[in-house]
Amino acid sequence: MSGRNESAGRAIRKRPQWQGGPPGPPRESAINPQSAIRNRYNLERVTSLLPGDRLGPYEITASIGAGGMGHVFKARDTRLDRVVAIKVLPPVFAADPILRQRFNREARTVASLNHPNICVLHDIGEQAQFAYLVMEYLEGETLAARLGRGPLPLDEVLLYGAQIADALDRAHRHGVVHRDLKPANVMLTRTGAKLLDFGLARPPMEAFFSGDTRAPGESSITAEGVLVGTLQYMAPEQLEGRPVDARTDIFALGALLYEMATGERAFPGTTQASIIAAILNREPPPPSTRQPLAPRWLDHIVARALAKEPDDRWQTARDVYLELRTRRDEPPPGTARPASRSTWLVAAGTLAGLLILSYASRWLTPPVPPPPVVRAMVTPPERMLFQLTGDYGGPPVVSPDGRSLVFAAMTESGRRQLWIRRFESLAAEALPGTDGASFPFWSPDSRAVAFFADGRLKRIDLDARSVLTLCEAHAGRGGAWSPQGVILFAPTTQSGLHQVPAGGGAPTEVTSIAGTPFQSHRWPQFLPDGRRFLFHAVRREPDGTDRSEVFLGALGVREPRPVMRASSQAQYSAGHLLFVRDRTLWAQPFDLQSETLGAAPSAVAHDVLDDPTIWRAIFSASDSGALVYQTGVAGTQLTIYDRDGHEVGPVGERGIIFDVNASPDGTRVAVNRGEPADIWVYELSRGTSLRLTSDARNETLPVWSPQGDRLAFNQMQPDGTVSVLEVPASGGQPREIVPAGETSVTGWSPDGRMLLLRHGPPVASPGDIWIGEATPGGRPPAALLQTPFAEYHARFSPDGRWVSYVSNESGRDEVYVMPFVPPGEGASPVQPTRVRVSTAGGILPRWRRDGRELFYLAPDLRLMAAAIDGSGRTLAVPSITALFPLSPKAVGWVYDVLPDGRRFIVNAVGDEGRRPLVLVTDWTREVHAGS
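These numbers come from a predicted model, not from an experiment. (Residues numbered from 1 in each chain as written. Predicted model: local features only at pLDDT ≥ 70, side-chain atom pairs only at ≥ 80, totals over all residues. Heavy atoms only, no water.)

**Here we look at the pairing of strand β13 (residues 404–410)**
Keep this limit in mind: Using a 1.4 Å probe on the protein chains alone, a residue whose accessible area is under 20% of its type maximum counts as buried, one over 50% counts as exposed, and one in between counts as partly exposed. Numbering of helices and strands runs from the N terminus; a helix is a DSSP stretch of H or I covering at least four residues, while a strand is a stretch of E covering at least two. What makes two strands pair is DSSP finding at least two bridges between them.
Here β13 lies mainly inside the structure; seven of its seven residues are buried. The alternating pattern of β13 places S404, V406, A408 and M410 and L405, F407 and A409 on opposite faces, both of which are buried. One ladder, built from two bridges, connects strand β12 (residues 397–398) with β13; its direction is antiparallel. Its bridge partner lying in β13, V397 is registered against V406. As consecutive antiparallel partners, β12 and β13 are separated by five residues, and within that stretch G402 has a phi angle of approximately 70°, a positive value. Note that β13 and strand β14 (residues 416–422) share seven bridges and pair antiparallel. When the sheet's bridge partners are listed, A408 is paired in β14 with L418.

See the structure below:
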């Protein structure tokens, strides 16, 4: 991979460079003015990019076409493995400081406009003589191409027109005027219209005009000395050189609406002069005279948008948006409207006749069609990333009234909190007091949200924005809130469900995993009566088979009973159970009275993200039929970073990976991967991998022997105990070192004789550090550090003199180092001499190979480097340096330092944080239509 990311010029193959053109007969540019313009700007240099050429990490795959300020290519982002569109500025443009300034303005402009109907800017870059923008790749067709087939139906005119107006309103509120709104700059996609190409926003006025008299769909290029914009859609003030503002875009929008409704341009002409004269002096015929099906009110909307004077037009794009949206909500012409009460009172003498006519109209008048099902994209808040998956995720949850969405998002520094997106608003809003929140759920009246944070269950009232702590919940896994004021929740990862009053109090157990084959109850949801509830029971067999099920229970009535087999949660919505199977979201009828499933399920959505690490799929639905979900595949990517946090390159393939441990020589890394987890080894130089275990049991925390020839790891047993095994790093049969019990391996001594072990329940509970022999049949393990607190993450220093570990004895997790004295040689396992390394919290200490630095993660997941002086009898920490934040790069605790202390192997997240959510306004309509 490193060879493919070399310096700028190498990625583009060399080609002959001509001075003034290649030898031979005169080119067509000598007689074709348009070709002369293209050659003048040296576009051939840009269009010579071929599939396989690279611009930074982006590999060109195809040419899309020319735009107003360059050429657009389809490309692949080799880092995130996604398709993007790249807009390349020609070399002559890049060399011109004024045009280069315009290019940079395009980047700033587009980046500031976060809207579902505006094309997203991903990146900006430079390479050799090229400067380029990396944009969202849109599948569909331009409005110009669509108009080539004739006018659009009225509902599409209103839909796309409203979306374009809404996008313009967002731009205008940011002080941006598009100035080149035309059909070629509108893309029609599955999710609606997307506004493109803000590169011409507020440029300096030039002296000449560029007429576009071609058919819709043909591209044009804007050059120096050419008036910016496309003539047929330019407002009079643009043509006359007067100041422009947002109302200039409204004129172009009126021209677009006219052309969409009629299939003809509002101001046609065969020459520049005739087009200019039409715009300045003539009114276009009303759309209804060109298209008989166009309603008269559309004539009014278009005429006011095309007014010659800006003061006579609609004053904001918001006005146009509201007009179009209101008309979309009206019944079509000819639909009967119900009579008012006053009408009946006035017409009492003719009541019988009106009843007859009303009854007949039901048969003679077509019914009012319901509003269309709308699909939209919900993007993360500006400069934020979604945090939807994993142990600390905040999956999106739709409010019961179907009008809002709550989710977790985090900053680049790793600060996570809840956000609310009200669907009538264009932006999400952060909820104060929700730092570190995970797994939110709504109150039944949609006025409050409960969540887990700081080991507690909390709630925030949205009106007062006040946060109330309800009870303890160390590792919550979802909750539900009944209309009767009862909250049902999973307090830990290995427990049944509990209930607590919505105002707080002492929780009581509702379901129990004792005496059952299930390891956890989680993700509860109340049914409409507020008494019965669904929940997910997690069950994984010793052979790795997932036998998890969805159960139906009731408060204080009876034992829960199984409803269906499922690997993730199920949710009741609109008479159906929604669940994910094989990454497809299914809906199956569910009768509340008989509590039985109905006919075969129907597919609702495909490619839905399912997180097997917590048995939860990323979807949510409201009682009204609103649905939100995220697409993609769960997993992470091993990635190497330097001390400044710069990415060096990926290692191996993407997967569900945890517990990263680098080999002593730094050439390999061991991980546990998959569900259930097996031990794998990756070769860093080649990216190849070797699977060492495949017995379908969960195997975790692989630890290297000092020679790098063996790995010790922990294996979960069917009864919940843990065995410590070892396996050759080159492959072979594992063997047991420490018999099954409550000990798990965390480190291996430099002389290869001893293992550091953690003894006790899971990390959140009190536990001690023990020492055991690294060969089978040796002396039983003994306590090395024994306190009332939780100690874990123990590792030997490279010289074997010290042991680093984490303890919560101060009230929070901190990194400590103590001298290593084997049991029975004078040290007390209760209170040994120790030095606290971290100053404000820390976990996961890792030693540099020479022992002169100890790295750890601060509470905000920033990687810290503590200088270590262990040359004397006591250990000193001269300084601590903050390096770079692992969040949002990393998942959980998974990182390790390579021997030189200058590179780090990190289990990096994919693009889930940037991938938009899909919102569907009424998923039930299509299910019913297809049944």
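**A closer look at the environment of D454**
Worth spelling out the cut-off: Nitrogen and oxygen atoms within 3.5 Å of one another constitute a polar contact, given that in protein one can donate a hydrogen and the other can accept it, and given that sequence-neighbouring residues count only through two side-chain atoms.
Here D454 shows up in the loop between β17 (448–453) and β18 (456–461). The exposure class of D454 is exposed, given its relative accessible area of 56%. Taking C-alpha positions, D454 is 8.9 Å from D435, a pair spaced 19 residues apart along the chain. Polar contacts involving the side chain of D454 include one to the side chain of K458, which spans 3.0 Å.

**Re the nonpolar core**
This is how the line gets drawn: Think of a nonpolar core as a cluster: buried Ala, Val, Leu, Ile, Met, Phe, Trp, Tyr and Cys residues, connected wherever their side-chain atoms sit within 4.5 Å. Contacts are assigned to residue pairs with any non-hydrogen atoms lying within 4.5 Å of each other.
With 52 residues, the main nonpolar core has L143, I164, L181, V186 and L253 as its most contacted residues. Where this core is concerned, the elements lending two or more residues are α5 (143–147), α6 (154–173), β8 (186–189), β9 (192–195), α8 (246–262), α9 (272–281), α11 (296–305) and α12 (317–329). Looking at this core element by element, the count peaks at ten residues for α8. Apart from residues lying up to four places away in sequence, I164 is in contact with L181, V186, A193, L253 and L256. Among the nonpolar cores identified, the runner-up in size contains 30 residues, and Y641, L857, M864 and A866 belong to it.

**Section: the packing of α8 against α11**
Spelled out, the test is: To obtain each axis, a line is fitted to C-alpha atoms, and for helices this fit is confined to the stretch in contact; angles are then taken between N-to-C directions over 0 to 180 degrees. With the far helix as reference, a near helix turned anticlockwise by less than a right angle produces a left-handed crossing, and one turned clockwise produces a right-handed crossing.
Packing of α8 against α11 brings their axes to within 7 Å, and their N-to-C directions diverge by 145°. Pair α8 / α11 crosses with left-handed handedness. Seen from α8, the contacting residues are I250, F251, G254, L257, Y258 and A261; seen from α11, they are L298, I301, V302 and A305.

**As for the side chain of H521**
For H521, the position within the fold is in strand β24 (residues 520–526). Relative accessible area serves as the criterion here: at 4%, H521 is assigned to the buried category. In terms of polar contacts, H521 uses its side chain to reach the side chain of T511, at 2.8 Å. Filtering out sequence-adjacent residues up to four positions away, H521 remains in contact with A490, S495, G496, L497, T511, S512, I513, F535, H536 and A537.

**Some remarks on the packing of aromatic side chains**
Which entries qualify depends on this criterion: Each aromatic pair joins two rings of Phe, Tyr and Trp (for Trp, the six-membered one) with centres within 6.5 Å, and gets the label stacked for planes under 30 degrees apart, edge-to-face for over 60, and tilted for any other angle. Charge-over-ring contacts are defined here by two conditions on Lys NZ or Arg CZ: a distance within 6 Å of the ring centre and an angle within 35 degrees of the ring normal.
As enumerated under the stated definition, the model contains 15 aromatic pairs in all. Residues Y58 and Y132 carry aromatic rings whose centres are separated by 6.2 Å and whose planes lie at 80° to one another, so their mutual orientation is edge-to-face. Of this pair, Y58 sits in strand β2 (residues 58–67) while Y132 sits in strand β6 (residues 130–136), and the two are 74 residues apart along the sequence. Here Y58 falls in the buried class, since its relative accessible area comes to 1%. For Y132, a relative accessible area of 4% corresponds to the buried category. Judged by centre distance (5.1 Å) and plane angle (85°), the rings of F386 and F407 are edge-to-face. One end of the pair, F386, is in strand β11 (residues 385–386); the other, F407, is in strand β13, and 21 residues separate them in sequence. No difference in accessibility class separates F386 from F407, as the two residues are buried. The structure contains a cluster of three or more aromatic residues connected by ring pairs, namely F518, F526, F533, F535 and F551. Its guanidinium or amino end placed over the ring of F518, R539 lies 5.9 Å from that ring's centre, counting from NZ or CZ.

**Here's the deal with the sheet that holds strand β42 (residues 689–691)**
Sheet architecture is open: four strands sit in the order β39-β40-β41-β42, paired in antiparallel fashion. Strands at the two margins of the open sheet, each flanked by one partner only, are β39 (657–662) and β42. Sheet twist, expressed as the mean angle between neighbouring strand axes with direction ignored, is 25°. Judged from the six bridges that link them, strand β40 (residues 668–673) and strand β41 (residues 678–683) form a sheet pairing that is antiparallel. When the sheet's bridge partners are listed, R673 is paired in β41 with D678.

**Regarding α8**
So the rule is basically this: Multiply 1.5 Å by the residue count of a helix minus one, and that product is the helix's expected span.
Between its terminal C-alpha atoms α8 stretches 25 Å, which fits the 24 Å expected from 17 residues at 1.5 Å a residue. Across the 17 residues that make up α8, a large majority, 17, are buried. G263 sits one or two positions beyond α8 and adopts a positive phi of about 80°.

**Considering the packing of α6 against α8**
For clarity, the threshold we go by: Angle categories are assigned with fixed cut-offs, so that under 35 degrees is roughly parallel, over 145 is roughly antiparallel, 65 to 115 is roughly perpendicular, and the rest are oblique. Think of it as three bins: nonpolar holds Ala, Val, Leu, Ile, Met, Phe, Trp, Tyr, Cys and Pro, charged holds Asp, Glu, Lys and Arg, and polar takes everything else, Gly as well.
The geometry of α6 relative to α8 is characterised by a closest axis approach of 11 Å and an angle of 170° between their N-to-C directions. Relative to α8, α6 is oriented roughly antiparallel. The way α6 lies across α8 gives a crossing that is right-handed. Where α6 approaches α8, its residues E156, V157, Y160, G161, I164, A165, L168 and H172 are matched on the opposing element by A246, D249, L253, L256, L257, M260 and A261. Looking at the contact of α6 with α8, its residues break down into eleven nonpolar, two polar and two charged.

**Here we look at the pairing of β17**
Burial of β17 is extensive: six of the six residues sit out of reach of the surface. The alternating pattern of β17 places A448, A450 and F452 on one face and V449, F451 and A453 on the opposite face, and all of these are buried. Between strand β16 (residues 438–442) and β17, which follow one another and run antiparallel, lie five residues, and S446 among them has a positive phi close to 65°. Across six bridges, the pairing between β17 and β18 is antiparallel. The partner of A450 across the bridge, within β18, is R459. Between β17 and β18, which pair antiparallel in sequence order, lie two residues; one of them, D454, sits at a positive phi of approximately 55°.

**Some thoughts on the sheet that holds strand β45 (residues 722–728)**
If you trace the four strands from one edge of the open sheet to the other, you get β43-β44-β45-β46, paired in antiparallel fashion. Edge positions in the sheet fall to β43 (699–704) and β46 (735–741), since each has one partner strand and no second. With strand direction ignored, the average angle separating the axes of adjacent strands in the sheet is 20°. Bridge count between β43 and strand β44 (residues 710–716): four bridges; the pairing is antiparallel. Note on β44: the bridge partner recorded for T700 is N714.

**With respect to the pattern of salt bridges**
Once the charged atoms of two side chains with opposite charge are near each other, the side chains can pair. Selection rule: Take a side-chain nitrogen of Lys or Arg and a carboxyl oxygen of Asp or Glu: if they are within 4 Å of each other, that pair is a salt bridge.
By the definition in use, this model includes 43 salt bridges. A salt bridge links D245 to R247, with the nearest nitrogen and oxygen atoms 2.8 Å apart. Judged by its relative accessible area of 17%, R247 is buried. For R415, the salt bridge is made with D435, and the minimal N-O distance between the two is 3.1 Å. Note that R415 is positioned in the loop between β13 and β14 and D435 in the loop between β15 (429–430) and β16, a separation of 20 residues in sequence. The class for R415 is partly exposed, based on a relative accessible area of 44%.

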